[in-house]
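Results of the structural survey
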Amino acid sequence: MANTIGIYLHIPFCKSKCDYCDFYSLAGQEEQMSRYQKALLTHLRAFAPKLKGWVVDTIYFGGGTPSYYGDKRLRELLSLIQRLCTISRQAEITVECNPDSVDPKAIARLRRAGVNRISLGMQSADGQQLRCLHRVHSPRQVVQAVSDIRQAKIENLSLDLIYGLPGQTMEDWTNTLERALDLAPEHLSCYGLKVEENTPLARQVAQGLQLPDGDLQADFYLRAAALLRQRGYRQYEISNFAKPGKESRHNLKYWMGREYVGFGPGAHSYFGGQRYAYPRDLEGYIQSIAAGAAQLEDVQPVPPPEQAREYLLLRMRTVRGIEEWEYRRKFGLDFEPIVRQLEFFEDHHWAEQTDHRWHFTPQGFLLSNTLILNLLDAQAGTIQEQKYWKELIGQPDADQEP
């Protein structure tokens, strides 16, 4: 069976920068789009030989605002990938869109080119809240965009929503959820508003802007989990809910520890036994590609002990969770210290077992950062014990150079 891999392409251009956004994206840089397109195409051609023997089963255009980049450029990139790589016939091909930049003819052209999934940034059904975040679309444009997407025969639509907005009440959040459900998406992502450093939102909060407190944010989250479950959406990751079979296959690669390659400034990869990223620098990326050597940063090998840590860190974000014999078979480590922690979580209704797999409950997901740290502490002891015994009997450790 062929190895499968995902491809991520970062499109760092936006019409306007949202106040809360910490992703690498740029407003007012349209004149750089053609140069950037040339760099991406060059990078894909240079990298493609490394993907020989791999089957690409997910392609994701993220940003930024890929729909603002123009469908002609997106189709050119997709066409090149299709020519250079082996693409699965069932490949999931996603484009992120903002409602204000959805053009019905452009979406139809993307669909004919192979795009079969759209991720739409709805965020809120309240126009005032959208303006507060410096979002440039209106609730009416969301409805029109969904109509255009459906008219193009896209049958896999995801909506992004944000809770914890300034002045937001439970009634406001429930209304946003209901308006989103009226649009019948196959997938919903519900994110709590985070105040990231060096963003306009952080400065507004420092100047006295009030946000819902932690308890209300938790109530928003639990309300979403309960309502979406009632409406037939299965929670499969902390912030993600889907109709059966409509989970984001590309994003699952991140959480399940599967390989993917990214292209563009700020894009990350997990490939060839290491994780790495490209610097968040548009001009630097363009120049390094032109010079024939893409600059990398945060290059980190992933030896077996780190793979074991990532297994807990990433898979406990999902409802699939972790399983004892899978863990023992993959890493040869004792599961007992971990299961003791999980049983403690179970007593507090933070975790449960389904089909022999441990995963968090919605209440547990609220505390997942702390709970996962507890699991990693429990694991660290078994890794150190294994290292001690290997050194004692003279066996080289798996993360040491031969």
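Conventions adopted
Residues numbered from 1 in each chain as written. Predicted model: local features only at pLDDT ≥ 70, side-chain atom pairs only at ≥ 80, totals over all residues. Heavy atoms only, no water. Axes fitted to C-alpha atoms, helices over the stretch in contact; angles between N-to-C directions. Helix = DSSP H or I, 4+ residues; strand = E, 2+ residues; numbered from the N terminus. Parallel < 35°, antiparallel > 145°, perpendicular 65-115°, else oblique. Left-handed = near helix turned anticlockwise from the far one by under 90°. Contact = heavy atoms within 4.5 Å. Nonpolar A, V, L, I, M, F, W, Y, C, P; charged D, E, K, R; others polar. Expected span 1.5 Å × (residues − 1). Buried < 20%, exposed > 50% of the residue type's maximum accessible area, 1.4 Å probe, protein only. pLDDT = per-residue confidence, 0-100. Phe/Tyr/Trp six-rings, centres within 6.5 Å; stacked < 30°, edge-to-face > 60°. Pairing = 2+ DSSP bridges.

1. Side note on the packing of helix H12 (residues 304–315) against helix H13 (residues 324–331)
In the contact formed by H12 and H13, the axes pass within 10 Å of each other and the chain directions differ by 160°. Judged on the interaxial angle alone, H13 and H12 are roughly antiparallel. Handedness of the H12/H13 crossing: right-handed. For the pair formed by H12 and H13, the contact residues are Pro 304, Gln 307, Ala 308, Tyr 311, Leu 312 and Arg 315 on the first element and Glu 326, Tyr 327, Lys 330 and Phe 331 on the second. In terms of residue class, the contact of H12 with H13 is made up of six nonpolar, one polar and three charged.

2. Some words on H12
The end-to-end C-alpha distance of H12, which contains twelve residues, comes to 16 Å, matching closely the 16 Å that a straight helix rising 1.5 Å per residue would cover. For H12, the full list of buried residues reads Pro 305, Ala 308, Glu 310, Tyr 311, Leu 312, Leu 314 and Arg 315.

3. Let's talk about the side chain of Thr 94
In this structure, Thr 94 sits in strand E5 (residues 86–97). Assessed through its relative accessible area of 0%, Thr 94 is described here as buried. Residues within four places of Thr 94 in sequence aside, it is in contact with Ile 59, Tyr 60, Phe 61, Arg 117 and Ser 119.

4. Some words on the confidence of the model for the protein
This prediction gives the protein a mean pLDDT of 91; 95% of its residues lie at or above 70. Low pLDDT, under 50, characterises residues 388–402; the predicted model gives this stretch eleven contacts beyond four residues in sequence or across chains.

5. Quick notes on the packing of aromatic side chains
Summed over the entire model, instances satisfying the criterion amount to 24 aromatic pairs. Ring centres of Tyr 254 and Tyr 260 lie 4.6 Å apart, and the angle between their planes is 70°; on these two criteria the pair is classed as edge-to-face. You can call Tyr 254 partly exposed: its relative accessible area is 23%. For Tyr 260, a relative accessible area of 8% puts it in the buried group. Here Tyr 311 and Tyr 327 contribute two aromatic rings whose centre-to-centre distance is 5.7 Å and whose plane-to-plane angle is 45°, an arrangement assigned as tilted. On the criterion of sequence distance, the pair formed by Tyr 311 in helix H12 and Tyr 327 in helix H13 is long-range, its members being 16 residues apart. Each member of the pair Tyr 311 and Tyr 327 is classed as buried.

6. A few points about the pairing of strand E1 (residues 3–11)
Taking burial as the measure, the nine residues of E1 include seven buried ones, the bulk of the element. As judged from the nine bridges shared by E1 and strand E4 (residues 54–63), these two strands associate in the parallel manner. Among the inter-strand pairings, Ile 5 is bridged to a residue of E4, identified as Val 56. Note: E1 against strand E11 (residues 260–263), four bridges, orientation parallel. What sits directly across from Tyr 8, in E11, is Gly 262.

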